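These are the residues of each chain, in order.
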Amino acid sequence: MTLSLHRKGLALLMAAALTGLAPVYSQAATDVSAVLSTYADMVHASYQDASNKARELQKAVDAFVAKPSADGLQAARKAWLAAREPYGQTEVYRFYGGPIDDAKDVEGRLNSWPLDEVYIDMVKGKPNAGLINNPKIDLAAERLIKLNTKGGEANIATGYHAVEFMLWGQDFNPQGPGDRAFTDFVDGQAKNADRRRQYLKVVTDQLVADLDYLAHSWQAGSTDNFRSRFLKDKPEASLRKVLTGMAVLSSAELSGERMQVALDNQDQEDEHSCFSDNTHRDIVNNALGIQNVYLGSYKRVDGSVVKGPSLKDLVADKDPKLAEKLAQDLASTQQAAEAIQAPFDQEIIGKKDAPGRKRVQATIALLKAQTKTLVSAARAIGINKLSVDAPN
C-alpha cells in the first residue's frame, strides 16, 4: 500500500521522534556523475542512430550506382533526408575537443559547409569542372580526405553535403530543391558517369566510417575511449564540456553562422542544406539536440528513449525557478524553429516584415535569449565564464 505524501510526512516525524534524529523532507541532491553518465549514454545512442541511418543511405546509394534510375535516385534522396534527422541532434556534442573535433577533423569531413559545388563536379556553364571530371584525380577515400577543404574552406570534397550535392545537384528552383537527372550517372548519357558513381559511393562509405568512429568513441565498456576519460575527469571539467557544446551551438553557430548570416545576406549560398532545401530541418534538429541534453532525454529513431538524471535536475537543486525558466526558453525556441517553412532560401528574402524573415528572426531572438538563461544556469551550478563563442 502506498502512503500519501502527507502520511509519509507524518511517518517521518514519528520515526524522527522515536529515534531522536531530525526528519529529512527534501530529496538528496542530484548526483553529478549520474548526470554525466546520462549524457554519455545519449551521445552514444545519438551517434549510433546517425550511423544506422547512414548505413540505410549507403544501401540506397549502392543500389542506385549499381543500376541508376529515377526511382533509385529518389530512394537515395529520401535516405539522405532521414539520415540527417539524428545527425542534426548530435551537433550539440561539438565545440569542446571531443571525438567530433579531435585531430582527425571528423567534423570537417562530415559536415563542412557551405560547399562550392564546382570543386566536385560540373555546374551550370562549367561542364568540365570538378574532381570528378579530372581523370588525374584518384577518387579513393584517402585522396578525397586530403583534398577536403584544400585551397579554401568551401573546397569541400566529403561529408553529408558532398553527398547532398551529388544527389540533388544545384538548386535553381525557388519553390523546391535541386533536381539532378539520374542520367548524370549513366554511361553514355553524361561525361564521366562512371567516376560520378564512384565518387558518390566513396563519400557515402566514408560517412558511415566516420560515424562509426564517433559511436565507438562514446561506447560503454571500453577503458581507453573518450567516454571513459570523460567520465573519469573532474566533474566540473566534464560539465563545462557539456555546457560549452550547448552554449556555442545555441549562440555562435546556430543563431549566428547558420541563421543570422543567411538572413543578413539573403543568399542561398549561406543556407546549410542548400541543395536539398532541408535547412529548416537542420535548424529544428540542432535546437532539439540542445533541449535533449538539458532534459537528459533522447528519443531514438526506433522510438525508445534514453533518459536519466539531467542538467535540469542539477540546476533545480540550486534554483528551481531558473531550472524551469530554461526549460521553457528551450521549448519556446523549439516551437519557433518548427514554424520556419521550407524552402529556407525563400524564408530569408524580402523586407524586414516579410513573414518568413519574421519567423527566422524570432527563432534567432529566442536562441539568444535561451543562451543567456543557459549561462545563468551554468553559473548556478558552479560553471562560471561559460564560453558562447566558437573555438578558433
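*Asks:* Please explain helix α9 (residues 235-265) as it appears in this structure.
*Replies:* Note: α-helices contain 3.6 residues per turn, so residues at a spacing of three or four share the same orientation. Between the first and last C-alpha of α9 there are 42 Å, a value that for 31 residues agrees with the 45 Å anticipated at 1.5 Å per step. A bend of about 45 degrees at Gly 256 is the largest found in α9. Looking one or two residues past α9, Gln 266 carries a phi angle of roughly 50 degrees, positive in sign.

*Asks:* Explain the packing of helix α2 (residues 32-66) against helix α7 (residues 193-217) to me, please; I cannot follow it from the model alone.
*Replies:* Interhelical geometry of α2 versus α7 gives an angle of 165 degrees and a closest axis separation of 9 Å. With respect to their mutual orientation, α2 and α7 come out roughly antiparallel. The handedness of the crossing between α2 and α7 comes out as left-handed. Per-class residue counts for the contact of α2 with α7 are 13 nonpolar, 5 polar and 6 charged.

*Asks:* Looking at this structure, how should I read the pattern of salt bridges?
*Replies:* Once their charged atoms are close, side chains differing in charge can pair, the charge on each being opposite to the other. Applying the stated rule across the entire model yields 23 salt bridges. Two residues, Glu 91 and Arg 258, come together in a salt bridge whose shortest N-O distance is 2.7 Å. Residue Glu 91 is found in the loop between α3 (70-90) and α4 (106-110), and its partner Arg 258 is found in helix α9; the two are separated by 167 residues along the sequence. The exposure class assigned to Glu 91 is buried, which follows from its relative accessible area of 1%. Residues Arg 94 and Asp 101 are paired through a salt bridge, measuring 4.0 Å at the closest nitrogen-oxygen approach. When salt bridges that share partners are traced, they join Glu 91, Arg 94, Asp 101, Glu 107, Glu 253 and Arg 258 into one network.

*Asks:* Looking at this model, I keep getting lost on the nonpolar core. Mind explaining?
*Replies:* Nonpolar side chains in soluble globular proteins tend to end up buried together. Grouped together as the largest cluster of nonpolar side chains are 104 residues, with contacts concentrated most on Tyr 199, Met 246 and Leu 311. Here the element with the most residues in this core is α2; it accounts for 15 residues. Those residues in contact with Tyr 199, other than ones at most four positions away along the chain, are Ile 120, Leu 131, Ile 132, Leu 139, Leu 144, Ala 157 and Met 166.

*Asks:* Could you clarify how one ought to interpret the environment of Asp 270 in this entry?
*Replies:* Following the sequence through the fold, Asp 270 ends up in the loop between α9 and α10 (279-295). Exposure remark for Asp 270: the relative accessible area of 16% places this residue in the buried category. For the pair Asp 270 and Arg 84, spaced 186 residues apart in sequence, the C-alpha separation works out to 18 Å. Ignoring sequence-local partners within four residues, the contact set of Asp 270 consists of Trp 113, Arg 258, Val 261, Ala 262 and Asn 265.

Reading the values: rules and limits
- Residues numbered from 1 in each chain as written.
- Predicted model: local features only at pLDDT ≥ 70, side-chain atom pairs only at ≥ 80, totals over all residues.
- Heavy atoms only, no water.
- Helix = DSSP H or I, 4+ residues; strand = E, 2+ residues; numbered from the N terminus.
- Expected span 1.5 Å × (residues − 1).
- Bend = angle between axes of the 7 residues up to and from the residue.
- Axes fitted to C-alpha atoms, helices over the stretch in contact; angles between N-to-C directions.
- Parallel < 35°, antiparallel > 145°, perpendicular 65-115°, else oblique.
- Left-handed = near helix turned anticlockwise from the far one by under 90°.
- Nonpolar A, V, L, I, M, F, W, Y, C, P; charged D, E, K, R; others polar.
- Salt bridge = Lys/Arg side-chain N within 4 Å of Asp/Glu carboxyl O.
- Buried < 20%, exposed > 50% of the residue type's maximum accessible area, 1.4 Å probe, protein only.
- Core = buried A, V, L, I, M, F, W, Y, C linked by side-chain atoms within 4.5 Å.
- Contact = heavy atoms within 4.5 Å.

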